[in-house]
Amino acid sequence: QHLPNDQLAQHSISTSNYRTGMTVADLKQAFLDNLFYDQGKFPGLATQHDYYMALAFTVRDRLLQHWNHTAATYTERGSRTVAYFSAEFLMGPQLGKNLISLSIFDQVKEAITDLGLDFEMLLDEEPEPGLGNGGLGRLAACYLDSLATLEIPTLGYGIRYEFGIFQQDFQEGWQVEKTDKWLRLGNPWEIKRPEWEVEVKFGGHTVTYRDENSRYRVRWIPDQIVMGVPYDTPILGYQTSTANTLRLWTAEAPESFNFASFNSGDYLGAVYAKVISENISKVLYPNDDSSQGKQLRLTQQYFFVACSLRDMFRILLGQGIPLERFHEKFAVQLNDTHPSIAVAELMRLLVDIYHMDWDQAWSMTQRTFAYTNHTLLPEALEQWPVELFGRLLPRHLELIYEINHRFLDEVRIKFPGDEARLARLSLINDRGERSIRMAHLACLGSHTVNGVAALHTELLKQDVLTDFYAMYPHKFQNKTNGVTPRRFMVLSNAKLTQLITEKIGDQWIKSLDQLQQLEAYADDAEFQEAWREIKLGCKRDLASFIQQQTGLIVDPQSMFDVLVKRFHEYKRQHLKLLHIITLYNRIKANPDIEMIPRTFIFGGKAAPGYWMAKLIIKLINSVADVVNRDPDVRGRLKVVFLKNFNVKLAQQLYPAADLSEQISTAGKEASGTGNMKFSLNGALTIGTLDGANVEIRKQVGADNFFLFGLTTEQVYDLRGNGYCPRHYYESNPELKLVIDRIASGFFSRGDTAVFKPLIDSLVNDDPYFLLADFQSYVDCQSQVDLTFSDRTAWTKMSILNVARSGFFSSDRAIQEYCDDIWRIEPVNVDLPSSDRDSP
Ligand code: GPV
């Protein structure tokens, strides 16, 4: 039975009482109330965490109005909805972000401060929800933010990992990993929805049978069943009434399953089966830009995709929309190939369960999905051995064979007699161990395929997906990535936000292009001074954080030169290191040499199984040890490696950076998004023509960007003509000295073995062309120094970088997805009149 809607409206929680009121007095009362009734604590016994929880619940009460009304509106209207499928959502802390969205940051701060508590400390108390590795997961989070802000009905679908990305620590300079128990003290932002649990099948075999019309059908007889239970988190739009939902799935054992073993006395066996089921959502795979090929990973992928599609059918049918309109109700975006098994699963649901004919099912499937590719690296392109795949998903394997069969017939018509092309395009890779190419399944099952930066999309068309481009050129689009200014400017850089708003008003927060108006102040001496003061303030804050974390004292007047991102050889953190050692060597050779003081700041995790990346981390820490202690350096160079880089730390770093290092080998970084966050906080970029760097340089102007290194084409040519890194080593004395110093054990207390694998790789192979780019990089860094010593010139460039980076808002990116891929319109959510104008 249902309560009539008008009852709901009449008794709708009103903002005039303290439970959801927005005045400072209401907020104080509600906070104390939650401390008492939810945490069951009185102030004398309460921990920082109790205070954080009480505050989080106070905020949650205030967003439920938005959340419930949004859900009611979408349900009533049967609104077209984006379903964003992603194995990762790197959301970052929610409290501060929600305060900004609700426009109650200042009131809440006042209420908490009035009560005698440290507001910043409470914000800091929130554990990071690290359900992602890096760029891909953070992009999903920025996109949810923009979708809500643009009032687009959206469901984010993914996995509620019990352990997110590991916590990084250092032992003797080596990375060590600790499990991330982010849920240990409870998560106030999620609501469990056990009533919407679904069953997911695994394994077993298929049988054929004839239905009532004696049509041939297939039934899947699984040998394992797992329950998926959804947990919902609200995603507030910025200053809108829209609150969308992030729905993450947890695996649980079915209550009744394995009762047989229970009754036969195999109690431990039954419990063991339960443990096995629950392993599915236990831990996030810590690999970035590379696939591990483990069965558990495929299990995770199918688990969340199957849960999500089932959930979408429940919603569809619950709204009385006929099955045949699934693709009109939902636009599904596949965030890389991780959820691409959805193509086969939707076919299975339509054909096997709903008995739709193949052609209609396939047409609906292709109209439902769109696929975003995030990488050109061969090791990241997922391929599942047919063996493994068939054991876990026997019916899906049959369906993929059928899809492939029909597809290859289509290829034969378009390209008669081209056997080589058939082999290249096939969903099945026949070379070596037979495997399924998930990128091919994703391309084929989608109406649109997009890259994440202009260069990346071009390289997809010319290289990685060139045969698909030849088949379906109309499917390919570019959608350059973007980042949300709400988190990465308003929340993390309050002073800069205030200064900008004083000059151009506050519309830029929702229309980032308006930052252009700042150009008028680029030469204004007073504005420049204020701009510099803000940067200096952020650098002071970071300096005190560094001292507290590492004990190192760094000078806020020095240039803060920042390189933060996941560790990967293609991202070339070790090229930065070659530069640092070059400067160090110059000081050792000539202790009185004039040098612009720099603080080098590193951050980032390496995949636990990626040995070379871990060795690079060790080398950074070893160089830091030597350089920071050497009295000859006289503080001119400081090397800091901040452990456990995550969203929280990122928010402290971008505002304090002078120089943003974006130094990947050209043609390797699909886009990058950190590059955009730096630029929007007034850092200047030193970078290669890779990923979105190309577009940043175009937007801010070549004069306001430090460019170095080979182009993609030059890299291809050099590789084709037999690249010989040793030649660079032998002919460049400064480079040789750097490499020899590392090899000699200078940074490792005489140990010549430890860094040998890295040195050998560089001098003999150098697959990422560090030695080829070394001189260009070092020269460009001298240019950086020269510019930095002219404060006015530097500040002007910094202002222009911000003024011209509005393009990199995720709002712009999402608007393009809405217009060109999803064909979806906003839905305005109206709150009951009593609440509309609050606070
Ligand atoms: I594939 N990316 C990532 O973080 N993890 C992955 O597994 C894969 C891609 C990244 C790319 O490396 C970045 O260049 C890009 O900016 C980001 O995805 C978002 O598109």
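Visitor: Where do I start with a nonpolar patch on the surface in this structure?
Guide: Taken together, the side chains of Tyr 267, Leu 268, Val 271 and Val 275 define a hydrophobic patch exposed on the protein surface, amounting to about 390 Å² of accessible area. Take Tyr 267: it is sitting in helix 9 (residues 267-278).

Visitor: Explain the side chain of Thr 372 here, please?
Guide: Among the secondary structure elements, Thr 372 is positioned in strand 14 (residues 369-372). A polar contact is formed between the side chain of Thr 372 and the side chain of Gln 333, at a distance of 2.8 Å. Beyond its immediate chain neighbours, meaning those up to four positions away, Thr 372 contacts Gln 333, Leu 334, Asn 335, Asp 336, Asn 450, Val 452 and Tyr 817.

Visitor: Whenever I open this one, the sheet that holds strand 17 (residues 435-437) confuses me. Can you help?
Guide: Across a sheet, paired strands are connected by hydrogen bonds in the backbone, their directions being either parallel or antiparallel. Pairing within the open sheet is antiparallel, and its 3 strands lie in the order 15-17-16. Of all strands in the sheet, those bounded by a partner on one side alone are strand 15 (383-385) and strand 16 (428-429).

Visitor: Quick question: what am I supposed to make of helix 5 (residues 105-114) here?
Guide: Residues separated by three or four positions in an α-helix point in the same direction, a consequence of the helix having 3.6 residues per turn. Taken as a whole, helix 5 has its buried residues at Phe 105, Gln 107, Val 108, Ala 111 and Ile 112. Each buried residue of helix 5 sits inside an arc of 165° when the element is viewed along its axis, so together they form one side. Buried residues along helix 5 sit in contact with helix 2 (24-37), helix 3 (48-77), helix 4 (95-101), helix 6 (119-125) and helix 20 (485-491). Remark: Gly 116 follows helix 5 within two positions and exhibits a positive phi of approximately 90°.

Visitor: Is there a simple way to think about the site of the ligand in this case?
Guide: The immediate surroundings of the ligand are formed by 15 residues, with Asp 289, His 374, Asn 481, Glu 669 and Gly 672 found nearest. Asp 288 has a polar side-chain atom sitting 3.0 Å from a nitrogen atom of the ligand. The backbone of Gly 672 places a nitrogen or oxygen atom 2.8 Å from an oxygen atom of the ligand. Contact with the protein chains covers 96% of the free accessible surface of the ligand, which is 470 Å². Classifying every residue of the shell around the ligand gives 5 nonpolar, 6 polar and 4 charged.

Visitor: What exactly am I supposed to notice about the pairing of strand 6 (residues 174-178) here?
Guide: Successive side chains on a regular strand alternate, one facing one side of the sheet and the next facing the other. The pairing of strand 5 (residues 167-171) with strand 6 spans 5 bridges and is classified as antiparallel. Each bridged residue has a counterpart across the sheet, and for Phe 170 the counterpart in strand 6 is Gln 175. The hairpin formed by strand 5 and strand 6 contains 2 residues between the paired strands, and Glu 172 there has a positive phi angle of roughly 50°.

Visitor: Honestly, the sheet that holds strand 23 (residues 659-662) in this entry has me stumped. Any pointers?
Guide: Read across the open sheet, the 6 strands follow the order 22-21-20-23-24-25; overall the sheet is parallel. Sheet topology places strand 22 (637-642) and strand 25 (706-707) at the edges, where each strand pairs with a single neighbour. Here 4 bridges tie strand 23 to strand 24 (residues 684-687), and the two strands are oriented parallel to one another. Looking across to strand 24, one finds that Gln 662 is bridged to Gly 687. Set on the sheet, helix 24 (residues 611-629) makes contact with strand 21 (598-603) and strand 22; between it and strand 22 the angle comes to about 140°.

Conventions adopted
- Residues numbered from 1 in each chain as written.
- Predicted model: local features only at pLDDT ≥ 70, side-chain atom pairs only at ≥ 80, totals over all residues.
- Heavy atoms only, no water.
- Patch = residues over 30% accessible without salt bridge, like charges linked within 9 Å, V, L, I, M, F, W, Y side chains within 5 Å.
- Areas by Shrake-Rupley, 256 points an atom, 1.4 Å probe, with all protein chains shown as cover.
- Salt bridge = Lys/Arg side-chain N within 4 Å of Asp/Glu carboxyl O.
- Helix = DSSP H or I, 4+ residues; strand = E, 2+ residues; numbered from the N terminus.
- Polar contact = N/O pair within 3.5 Å; in protein donor to acceptor, adjacent residues only side chain to side chain.
- Contact = heavy atoms within 4.5 Å.
- Pairing = 2+ DSSP bridges.
- Buried < 20%, exposed > 50% of the residue type's maximum accessible area, 1.4 Å probe, protein only.
- Arc of directions from axis to C-beta.
- Near = heavy atom within 4 Å.
- Nonpolar A, V, L, I, M, F, W, Y, C, P; charged D, E, K, R; others polar.
- Axes fitted to C-alpha atoms, helices over the stretch in contact; angles between N-to-C directions.

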